[in-house]
Amino acid sequence: MHNLPEGPTSHRDRSTAALSHVVVVDQDAATVVLTGELTRTDGDALRRWLREAASSATDLVVVDVTAVTGCDPAVLEVLVETADELRPAGRRVAVRGATAALFSALQGSGLTARVHVERPADDQPLVRGVSALAGSARALAVLDLSLATVVRMTQAVVENADGASITVPRNGRLGTVAASDDVVLEMDHDQYDTGQGPCLDAATQGLSFHVPQLAEESRWPDFVPRAAARGIKTILSTPLLAHDRPIGALNLYSRTGAAFAEHERDWAGTFAEQAALVLDASTRDEQQDDLQVRVALASRKAIALAQGVVMHRHDLDPAAAYALLREHSRRTSVPLRDVCDRVVTSRGLEPDLTVLLRSSDD
């Protein structure tokens, strides 16, 4: 492990703390520790530091903002852009140590949709709810474009479909992520406003709802008059299912009574399956990326703790302590993470680690 020099980025008013940094590198990650205030003038320096850290890291660059005293939202765009720049080269960026306020700003910048950001312990559900839409907008853009393509294809293939939409849960409530036109969007919102309708039931119950004659329908008394007023006579809502649970609905609307024959309902089912696959794949990819980064961060913390223990007990510098742990791992074929866990949880060094220490003194 080694430290790169620290230094200020620029001259500031004396009332603010100039930004400085230290880069700590080991076999698992390069950690950029920031101290001071992040202003818009720090953008170029921040980009340079991240690139330098990435050139030394195996695959993970951690930005530690624990000691950041303030942050201009404009400079966060640099963090987002640099994370995107490093991803094709196999470098992942993670952020840790953010306060609740800074975490909210990171969400607003779109960073939490691109990289793993450790959630602060004092982050409250209200803060998450307010900032989730802005924070997830960039990552969801490609997903929503894919779902919009499914909507267009469904409307083109299913005869008599005057409009189509897809309903999925977002930010704790159901909403329309793709709609063929404004009338369809208003139809969906009529259901959200009244709390009634086939798209809501399909998305929550996982069942198909076919309404061949809306004028004869009595299940949704507050919604049906609104739909009829818009000229709709037939509705078909097909659930999006993943692992046998509903994750949304594909909705078809027609101004023709009894518009959808059995084979057209089958087509709707086929397109609903495709939409569900897109949604499920997106969720699994995000979860896998997040899990990998969480594991790497946990390993990083364990190594740092063990390194500190060895340094304190035997008056070693960081590089010597880390080298000792790695050599023990190599000789015993025990993973470095496990070696570090044992050192931290033991009252004294393991016998073979002590032997290594003595041999190095000789």
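Everything below is about the structure printed above this text.
About the thresholds
- Throughout this document, residue positions are counted from 1 along each chain, in the order its sequence is written.
- Whole-chain, interface and lining totals are the exception, using all residues; otherwise, since this is a predicted model, local features are given only for residues with pLDDT of at least 70 and side-chain atom pairs are given and counted only at 80 or more.
- To get the side-chain values, all heavy atoms of the structure are used, and hydrogens and water are removed first.
- Helix numbers and strand numbers start at the N terminus; a helix is a DSSP run of H or I with at least 4 residues, a strand a run of E with at least 2.
- How far a helix is expected to stretch is found by multiplying one less than its residue total by 1.5 Å.
- Exposed residues in this analysis have more than 50% of their type's maximum accessible area, buried residues have under 20%, and partly exposed residues fall in between, with area computed by a 1.4 Å probe over protein chains only.
- Contacts are assigned to residue pairs that have any heavy atoms within 4.5 Å of one another.
- Pairs were defined over the aromatic rings of Phe, Tyr and Trp, the Trp ring being its six-membered one, requiring ring centres within 6.5 Å. Orientation was assigned from the angle between planes: stacked under 30 degrees, edge-to-face over 60, tilted for the rest.
- Basic side-chain nitrogens of Lys or Arg form a salt bridge, by our definition, when they fall within 4 Å of a carboxyl oxygen of Asp or Glu.
- Paired strands, in this sense, are two strands between which DSSP finds at least two bridges.

**Q** Looking at this structure, how should I read helix 1 (residues 43-56)?
**A** Residue pairs spaced three or four apart in an α-helix point in one direction, given the helix's 3.6 residues per turn. Taking 1.5 Å as the rise per residue, helix 1 with 14 residues should run 20 Å; its terminal C-alpha atoms sit 21 Å apart, in good agreement. Among all positions of helix 1, only Gly43, Ala45, Leu46, Arg47, Trp49, Leu50, Ala53 and Ala54 are buried. At its buried positions, helix 1 is contacted by strand 2 (20-25), strand 3 (30-38), strand 4 (60-71) and helix 2 (73-86).

**Q** Is there a simple way to explain the environment of Thr69 in this structure?
**A** Tracing the chain through its elements places Thr69 in strand 4. On the basis of relative accessibility, which here comes to 62%, the residue Thr69 falls in the exposed class. Placed 34 residues apart in sequence, Thr69 and Thr35 show a C-alpha to C-alpha distance of 7.5 Å. When sequence neighbours within four positions are dropped, the list of residues in contact with Thr69 reads Gly36 and Glu37.

**Q** What's the story with the packing of aromatic side chains in this structure? I'm lost.
**A** For any pair of aromatic rings, the description rests on two quantities: the centre-to-centre distance and the angle between the ring planes. Counted under the stated rule, the structure contains two aromatic pairs. Seen in terms of ring centroids, Phe209 and Trp220 are 6.1 Å apart; in terms of plane orientation they differ by 70 degrees. Their pairing is edge-to-face. Placement of the pair is Phe209 in strand 9 (residues 209-211) and Trp220 in the loop between strand 9 and helix 7 (224-229), with a sequence separation of eleven residues. You can call Phe209 buried: its relative accessible area is 9%. For the ring pair Trp267 and Phe271, a centre distance of 5.9 Å and an interplane angle of 25 degrees mean the geometry is stacked. Taken together, the positions of Trp267 and Phe271, both in helix 8 (residues 262-314) and four residues apart, correspond to about one turn of that helix.

**Q** Would you explain the pattern of salt bridges in this entry?
**A** A side chain of one charge can pair with a side chain of the opposite charge when the charged atoms of the two come close. For the coordinates displayed, the defined rule picks out ten salt bridges. For Asp72, the salt bridge goes to Arg40, with nearest N and O atoms at 3.4 Å. Taken together, the residues span a long stretch of sequence, with Asp72 in the loop between strand 4 and helix 2 and Arg40 in the loop between strand 3 and helix 1 at a distance of 32 residues. Where Arg87 meets Asp84, a salt bridge forms, and the shortest distance between an N and an O atom there is 3.0 Å. Judged by its relative accessible area of 26%, Asp84 falls in the partly exposed class. Linked through salt bridges whose partners overlap, the residues forming this network are Glu186, Asp190, Arg226 and Arg230.

**Q** Whenever I open this one, the pairing of strand 11 (residues 245-254) confuses me. Can you help?
**A** For a regular strand, side-chain orientation follows a simple rule: the groups alternate between the two sheet faces. Counted residue by residue, strand 11 has eight buried out of ten residues, so it is predominantly covered. Pairing between strand 7 (residues 163-170) and strand 11: five bridges, direction antiparallel. The residue bridging Ala164 from the neighbouring strand is Leu252, located in strand 11. Bridge count for strand 10 (residues 234-242) against strand 11 is nine bridges, and the pairing is antiparallel. Residue Leu240 lies in a different strand from strand 11, and its bridge partner there is Gly248.

**Q** Could you clarify how one ought to interpret helix 2 in this entry?
**A** Given a rise of 1.5 Å per residue, 14 residues ought to cover 20 Å, and the 21 Å separating the end C-alpha atoms of helix 2 matches this to within 8%. When we look at burial in helix 2, the residues that qualify are Val75, Leu76, Val78, Leu79, Val80, Thr82, Ala83 and Leu86.

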